[in-house]
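Summary of structural features
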Amino acid sequence: MMGYDSLFFDGADDSMMVRQALAEGRIILTRDTQIMKRRVVAGGRLRAVLLDSEDPEEQMRQLLRSMDLLGDARPFTLCLECNAPLVERRPDEVKDRVPPYVFRTQQQYMECPRCRRVYWRGTHWQAMKRKLEGMGGELRD
Ligand SMILES: [Zn+2]
């Protein structure tokens, strides 16, 4: 949602996650204290953040506080489904794939080149933007 390239790991294989994070320069966000004790993390070779709360909104606040992430945030530039960078589309390019009401009222569209999902700045977008701003301040459009 905030435009950070992110992956979700639900596997039991922590070593695989750590290897991939190292290879791709990722930061691990975890509730698992064992991850923090790994030599590669404790020694500072791999960045990791131990999340204090189970609540996703609290977790986001913690990240914004602890990592100064907002400067680099590019909200709504990545596909929420598959993490790919979105591409701007003209209304006529997406006409057949959005509801008629949306087509009449929205001028700006983004499309995911991977899954073809189309995004526009409707009420859901507005609500998410307000939520992000409530957590961290100014967000660029
Ligand atoms: Zn997608």
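Residues numbered from 1 in each chain as written. Predicted model: local features only at pLDDT ≥ 70, side-chain atom pairs only at ≥ 80, totals over all residues. Heavy atoms only, no water.

1. Here's the deal with the overall build of the chain
Heads up, the condition is: Helix and strand assignments follow DSSP, with helices taken as H or I runs no shorter than four residues and strands as E runs no shorter than two, numbered in order from the N terminus. Relative accessibility decides the category of a residue: with a 1.4 Å probe and only protein chains considered, values under 20% of the type maximum give buried, values over 50% give exposed, and everything between is partly exposed. In this description, contact between two residues means that some pair of their heavy atoms is separated by no more than 4.5 Å. Note on areas: Shrake-Rupley with a 1.4 Å probe; residue coverage comes only from the protein chains shown. Asp and Glu are treated as the negative residues and Lys and Arg as the positive ones, with His and the ends of the chain left uncounted. By convention, charge coordinates are those of NZ in Lys, CZ in Arg, CG in Asp, or CD in Glu.
Helix and strand content of the chain: 7 helices and 5 strands. Traced from its N-terminal end to its C-terminal end, the chain shows the element sequence α-β-α-α-β-α-β-α-α-β-β-α. Overall size of the chain, expressed as C-alpha extent along the three principal axes, is 55 × 30 × 25 Å. Buried positions account for 33% of the 141 residues belonging to the chain. Put simply, of all contacts in the chain between residues at least 6 apart along the chain, 41% involve residues at least 24 apart. As displayed, the chain offers around 9,700 Å² of accessible surface, 49% of which is attributable to carbon and sulfur atoms. Counting 24 positive and 22 negative side-chain charges, the chain places the averaged centre of each group 2 Å from the other.

2. Some remarks on the side chain of Gln-62
Under the convention used in this document: For this analysis, a polar contact is any N or O atom pair within 3.5 Å, provided that within protein one partner can donate a hydrogen and the other can accept it, and provided that sequence-adjacent residues contribute only side-chain to side-chain pairs.
Along the chain, the position of Gln-62 falls in helix α4 (residues 56-67). Among the polar contacts listed, one links the side chain of Gln-62 to the backbone nitrogen of Asp-52, at a separation of 2.8 Å. Among all residues touching Gln-62, those that are not within four sequence positions of it are Val-49, Leu-50, Leu-51, Asp-52 and Ser-53.

3. Quick look at the coordination of the zinc ion
What counts is decided by this rule: Coordination here is defined by N, O and S atoms within 2.8 Å of the metal (3.2 Å for Na, K and Ca), and since water is not considered, a site can look incomplete. The geometry test gives tetrahedral to four donors whose angles all lie between 85 and 135 degrees, gives square planar to four donors and octahedral to six donors whose opposite members are over 155 degrees apart with all other angles between 65 and 115, and gives irregular to the rest.
Protein-derived coordination of the zinc ion comes from Cys-79 (SG), Cys-82 (SG), Cys-112 (SG) and Cys-115 (SG), at a distance range of 2.3 Å. One can describe the site at the zinc ion as tetrahedral: its 4 donor atoms subtend angles covering 98 to 122 degrees at the metal. Donor residues binding the zinc ion come from one chain and are separated in sequence as C-x2-C-x29-C-x2-C. Taken as a pair, Cys-79 in the loop between α4 and β3 (87-89) and Cys-112 in the loop between β4 (109-111) and β5 (118-120) lie far apart in primary sequence, 33 residues in all. Summarising the burial analysis for this pair, Cys-79 and Cys-112 share the class buried.

4. Some thoughts on unusual backbone geometry
Notably, Asn-83 is not glycine yet its phi reads approximately 75 degrees, a positive angle. Looking at the element boundaries, Asn-83 is found in the loop between α4 and β3. For Arg-116, which is not glycine, the phi torsion reads 70 degrees and is therefore positive. Examined against the element boundaries, Arg-116 turns out to sit in the loop between β4 and β5. On the basis of relative accessible area, Arg-116 is assigned to the partly exposed category, the value being 47%.

5. Focus: the pattern of salt bridges
Using the following cut-off: In what follows, salt bridge is the name for a side-chain nitrogen of Lys or Arg lying within 4 Å of a carboxyl oxygen of Asp or Glu.
This model, assessed by the stated rule, comprises 12 salt bridges. Between Arg-26 and Glu-24 there is a salt bridge; the shortest N-O distance is 2.7 Å. Judged by its relative accessible area of 19%, Arg-26 falls in the buried class. Taking relative accessible area as the criterion, Glu-24 reaches 42% and is therefore assigned partly exposed. Linking Glu-93 and Arg-90 is a salt bridge whose minimum nitrogen-to-oxygen distance equals 3.9 Å. Given a relative accessible area of 48%, Arg-90 falls into the partly exposed group. Here the residues in one salt-bridge network are Glu-57, Glu-58, Arg-61 and Lys-131, joined through shared partners.

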